[in-house]
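# Observations on chain architecture
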There are 2 protein chains.
Amino acid sequence: MPVQTRAMSAEAAPPPKPVVILDRPQLAENIGAVARAMANFGLSELRLVSPRDGWPQDRAWASASGADWPLRDAKVFETVGDAVADLQLVYACTARPRETHLPVLTSREGAGGLRVAGAEGLRCAWLFGAERAGLETMDIALCHAIVTIPIDPKFHSLNLAQAVVVNAYEWWTSAPDLVPARLTGEAAIADGAMMMGVYEHLEGELDHAGFFFPPEKKPSMQRNLRVALGRARFTEQEARTFRGVITALVRGRGRTFARLGGDPPS
Amino acid sequence: MPVQTRAMSAEAAPPPKPVVILDRPQLAENIGAVARAMANFGLSELRLVSPRDGWPQDRAWASASGADWPLRDAKVFETVGDAVADLQLVYACTARPRETHLPVLTSREGAGGLRVAGAEGLRCAWLFGAERAGLETMDIALCHAIVTIPIDPKFHSLNLAQAVVVNAYEWWTSAPDLVPARLTGEAAIADGAMMMGVYEHLEGELDHAGFFFPPEKKPSMQRNLRVALGRARFTEQEARTFRGVITALVRGRGRTFARLGGDPPS
């Protein structure tokens, strides 16, 4: 996917709108209700990660009340990683606090963030978990912030479409004249696929180095590293540079050993 | 993480909360979904004006996901006039502009109005129309303002429970003390000295590896790396972990495996 930068928003094309990603949705009725919610608030791009009962399903259309286009154009992915591969800013919508060190935003703050990022031409999304299971921590680690709907702690059970309603409503009503706070200037922000390349490169080398020890801690160590680096929101150039850094550090010992007249470790 | 409103924690008797009135609701499932929506946002008092299929109905409980108390305590009235008889401020929720000369408020403005009125001890409500028919003009005339959810004019079809979600959410979040605790605030953020330790460690190793080439570019390469990593705002723990990553990459598998007594992988 070509990355669109700020220059695009100066032209006739409106800024891209956030994508709604549903991770492993169970009921087709809920997918339809999500499409209906989206359409009310000007959203149209829907992505489905491994819908339980396959796709497409008639019952989704029945519950969409005429909001057919998000369903018709919905794209299906196998993993969250695939679904976010071309996106540059993804907010995980989850009620439960997690141990990940991601910023926690209210729906309103999140909507404002997506509005600003969209104005900069970034491809953005909300990621919603399955009806009961919610989101896997490893998938949250691919996101850049957590969005939590303020809710009564005594009763905590919004359904999927209702959660989409709140966030989409906040996006729709977010002030269009927000001044974009640009952290990275004109540079293109690395998308999910590029960041996955960074993570896998780093983790592969760390694996070789025996870093993930004890082995049962590997998933959480991996997750924590991804979250910490993901927060930096690397530009494409920075992501390439960072891979160069990894390579340099790994090869460095070879050069150093060679310089010292020893054998490089294999 | 119990969230308490200022009023709740300061006084014994909280101000009255707005009532939700459904005028001639048709589907019991929708009544249950409304109860569920209410419970998420701290509301409990439900009134039903001439529910089409009578009351109570099991299907309402089935769709309330445990939000039983608004259903159990729901009061049934014959007319809107009866339902608002003891109330002091009622907002009519309707998408369509009407010819009545009532103020038209957004959901947010309406929620703010109800919040203020409640704090003054007024008995307040939203009045929602039937699924298809909406509200009669004569019933709107019993209200004090119209509340309209800002919606995409190109697709205008929120269901009843979704409309309750938006208004109840706005009411709940209009409380002054409801900003959720920042989870990232719990962890100490690395200070400048600690980050300088990270940078110098990394740059020292990159120097050894011949990464900064040509030499005259070193200052700008160094600066770019620092900016990219600095944006992540590492916690102290993450900064320590990242230094461990650098060390692991540099030492590589040779040392680690030697320490463990195994053969290095080729």
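Scope of this entry: the structure provided in the associated data block. Owing to the predicted nature of the structure, the values given are computational and were not obtained by experimental measurement.

### What about the overall build of chain A?
In terms of helices and strands, chain A carries 11 helices and seven strands. Here chain A, with 266 residues, has 56% of them falling under the buried criterion. Sequence separation of 24 or more characterises 83% of the internal contacts of chain A that already satisfy a separation of 6 or more. Split by element, the accessible area of chain A, about 11,000 Å² in all, is 54% carbon and sulfur.

### A few points about the side chain of Ser63 of chain A
Secondary-structure assignment places Ser63 of chain A in the loop between α3 (58-62) and α4 (68-72). In this structure Ser63 of chain A touches Ala28, Glu29, Gly32, Ala33 and Arg36 of chain A, once residues within four positions along its chain are discounted.

### Describing the interface of chain A and chain B
With 74 residues of chain A at the contact, the number on the chain B side is 74 residues. Summed over both sides, the interface of chain A with chain B buries roughly 6,000 Å², with 63% coming from carbon and sulfur. Our count for the contact surface shared by chain A and chain B stands at two salt bridges. Our count for the contact surface shared by chain A and chain B stands at 12 residue pairs in polar contact (both at pLDDT 80 or more). Elements represented by at least two residues in the side of chain A that touches chain B include exactly α2 (28-40), β5 (104-106), α6 (107-119), α8 (160-173), α9 (192-208), α10 (218-230) and α11 (236-259) of chain A. Here the side of chain A that touches chain B takes 14 residues from α11 of chain A, the largest share from any one element. In terms of residue class, the side of chain A that touches chain B is built from 40 nonpolar, 21 polar and 13 charged.

### Digging into the sheet that holds strand β2 (residues 46-49) of chain A
Residue and element names in this part refer to chain A. Ordered by their spatial adjacency, seven strands build an open sheet running β3-β2-β1-β6-β4-β7-β5, and the pairing between neighbours is parallel. Pairing within the sheet leaves two strands with one partner each, and these edge strands are β3 (75-77) and β5. Across the sheet, the mean angle from the axis of one strand to that of its neighbour is 30 degrees, orientation sign disregarded. As paired elements, strand β4 (residues 89-93) and strand β7 (residues 145-148) share three bridges and run parallel to each other. Considered in β7, the bridge of Cys93 is made with Val147. Where α8 meets the sheet, it contacts β1 (19-23), β4, β6 (124-128) and β7, and its direction lies at approximately 155 degrees from that of β6.

### Considering the packing of aromatic side chains
Applying the stated rule across the entire model yields 11 aromatic pairs over all chains. Ring geometry for Trp55 of chain A and Trp61 of chain A: centres 5.5 Å apart, planes at 25 degrees, overall stacked. With relative accessibility at 21%, the residue Trp55 of chain A sits in the partly exposed group. For Trp61 of chain A, a relative accessible area of 29% puts it in the partly exposed group. Members of the aromatic cluster, each reached through a chain of ring pairs, are Phe234 and Phe242 of chain A together with Phe234 and Phe242 of chain B. The positively charged end of Arg115 of chain A is found above the aromatic ring belonging to Trp171 of chain A, 4.0 Å away from the centroid.

### A closer look at the layout of surface pockets
Approximately 1,300 Å³ is the volume found for the largest pocket. What lines the largest pocket is a set of 42 residues, and nearest its centre among them are Leu158, Asn159, Leu160 and Ala161 of chain A together with Arg36 of chain B. Listing elements by their share of the lining of the largest pocket, those giving two or more residues are α2 and α8 of chain A together with α2 (28-40) and α8 (160-173) of chain B. Its residues assigned to classes, the lining of the largest pocket comprises 18 nonpolar, 17 polar and seven charged.

Rules of the game
- Residues numbered from 1 in each chain as written.
- Chains lettered and ligands numbered in written order.
- Predicted model: local features only at pLDDT ≥ 70, side-chain atom pairs only at ≥ 80, totals over all residues.
- Heavy atoms only, no water.
- Helix = DSSP H or I, 4+ residues; strand = E, 2+ residues; numbered from the N terminus.
- Buried < 20%, exposed > 50% of the residue type's maximum accessible area, 1.4 Å probe, protein only.
- Contact = heavy atoms within 4.5 Å.
- Areas by Shrake-Rupley, 256 points an atom, 1.4 Å probe, with all protein chains shown as cover.
- Buried area = accessible area lost by both parts, 1.4 Å probe.
- Salt bridge = Lys/Arg side-chain N within 4 Å of Asp/Glu carboxyl O.
- Polar contact = N/O pair within 3.5 Å; in protein donor to acceptor, adjacent residues only side chain to side chain.
- Nonpolar A, V, L, I, M, F, W, Y, C, P; charged D, E, K, R; others polar.
- Pairing = 2+ DSSP bridges.
- Axes fitted to C-alpha atoms, helices over the stretch in contact; angles between N-to-C directions.
- Phe/Tyr/Trp six-rings, centres within 6.5 Å; stacked < 30°, edge-to-face > 60°.
- Lys NZ or Arg CZ within 6 Å of the ring centre and 35° of its normal.
- 1 Å grid on protein atoms, 1.4 Å probe; cavity = no way out; pocket = protein on both sides within 12 Å on 5 of 7 lines; lining within 4 Å.
- Points joined across faces, edges and corners; volume = space filled by probe spheres on them.

All quantities given are derived from atomic positions and should not be read as evidence of function.
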